[in-house]
Amino acid sequence: TATTSNTTNNYTLINHGRTNGQPNKIIFVTHDYGSGPYVKSPLGVWYTNGKWSIFQQDRTPLPKNAKFNVLVQTTADRGVFIHKATQNNIGGHITTIDAPTTNGTPNANIIVTQHWGASRAYNNHPIGVYYHGGKWRIFNQDFGKMPEGAMFNIMVNHTKSFQHTATGSTMKMGHVTNLNHSNTNNASNAFVFVTQCWTSVYNPHPVGVWYSGGKWTV
């Protein structure tokens, strides 16, 4: 939770034994609305002064009491690695992932968190993933140019991962879609992480999760 004591400008410091003094951890975050407020900006993670932080890519002040689900992994964990956008893998608003765990796997479930690493490249755009030509790609939903040096933490096929599609029956409110899965139903204490997956519909907005009425929602 972002508080007055742990938040400065556009970032909030995580203070936890699993992350403090651990610059090589791979961090995944998703905004958890809880009881508010909304976080409306694209997010990233950043290691500074011995702690990991969550920051807003547009560098606007992070709202106090904003909540985030945080997952801590390492490159030794199954399907976890870092991708860097370079001249060789960028095409417009897209960067192509080339990794053994994702190549040739059209049915993979991929979670991505932006990572402000050594290259210090901001990517102030809501992101998504899609599969084409044997490889997965990360793209900016608003078609903003992918910056060289942008970095992304990637996790492939977590044991509890699944894909959800927003349909008329799941969208009880215009901006909300209800998840309906055994891993999330009636699980108020679950930690839910989402990444948008393009099949035919763009959603050029940052997303978060919220537990309401026995179900998690996006």
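Summary of the structure given here. (Residues numbered from 1 in each chain as written. Predicted model: local features only at pLDDT ≥ 70, side-chain atom pairs only at ≥ 80, totals over all residues. Heavy atoms only, no water.)

### A word on the environment of Pro100
1) Next: Mapped onto the elements of the fold, Pro100 is located in the loop between β9 (94-96) and β10 (110-115).
2) Next: Of the residues examined, Pro100 reaches a relative accessible area of 79% and is grouped as exposed.
3) Next: Distance from Pro100 to Gly79, taken between C-alpha atoms, is 9.3 Å for residues 21 residues apart in sequence. (Helix = DSSP H or I, 4+ residues; strand = E, 2+ residues; numbered from the N terminus. Buried < 20%, exposed > 50% of the residue type's maximum accessible area, 1.4 Å probe, protein only.)

### A closer look at the sheet that holds strand β12 (residues 135-140)
1) Next: Taken together, the five strands give an open sheet; going across it, the order is β8-β9-β12-β11-β14, and neighbouring strands pair in mixed fashion. Looking at the sheet topology across the chains shown, the edges are occupied by β8 (90-91) and β14 (196-197).
2) Next: Here strand β11 (residues 127-132) pairs with β14 via two bridges, running parallel. Each bridged residue has a counterpart across the sheet, and for Val129 the counterpart in β14 is Cys197. (Pairing = 2+ DSSP bridges.)

### Thoughts on the environment of Ala76
1) Next: Here Ala76 lies in the loop between β6 (68-73) and β7 (80-84).
2) Next: The class of Ala76 is exposed, set by a relative accessible area of 72%.
3) Next: Along the primary structure Ala76 and Gln22 are separated by 54 residues, whereas in three dimensions their C-alpha atoms are 14 Å apart.

### A look at the pairing of β12
1) Next: For β12, the buried fraction is high: five of the six residues fall into the buried class.
2) Next: Across six bridges, β11 lies against β12 in antiparallel orientation. Across the sheet, the residue bridging to His132 is Lys135, located in β12.
3) Next: The turn joining β11 and β12, which pair antiparallel and follow one another in sequence, is formed by two residues; a positive phi near 60° is taken by Gly133.

### Quick word on empty space enclosed by the protein
1) Next: Counted under the stated rule, the structure contains one cavity of 30 Å³ or more.
2) Next: Within this model, the largest cavity holds a volume of roughly 310 Å³.
3) Next: Residue lining of the largest cavity: 19 residues in total, with Leu43, Val112, Ile127, Val194 and Val207 positioned closest to the centre.
4) Next: Elements with a contribution of two residues or more to the lining of the largest cavity: β3 (26-32) and β10.
5) Next: Its residues assigned to classes, the lining of the largest cavity shows 10 nonpolar, nine polar and no charged. (1 Å grid on protein atoms, 1.4 Å probe; cavity = no way out; pocket = protein on both sides within 12 Å on 5 of 7 lines; lining within 4 Å. Points joined across faces, edges and corners; volume = space filled by probe spheres on them. Nonpolar A, V, L, I, M, F, W, Y, C, P; charged D, E, K, R; others polar.)

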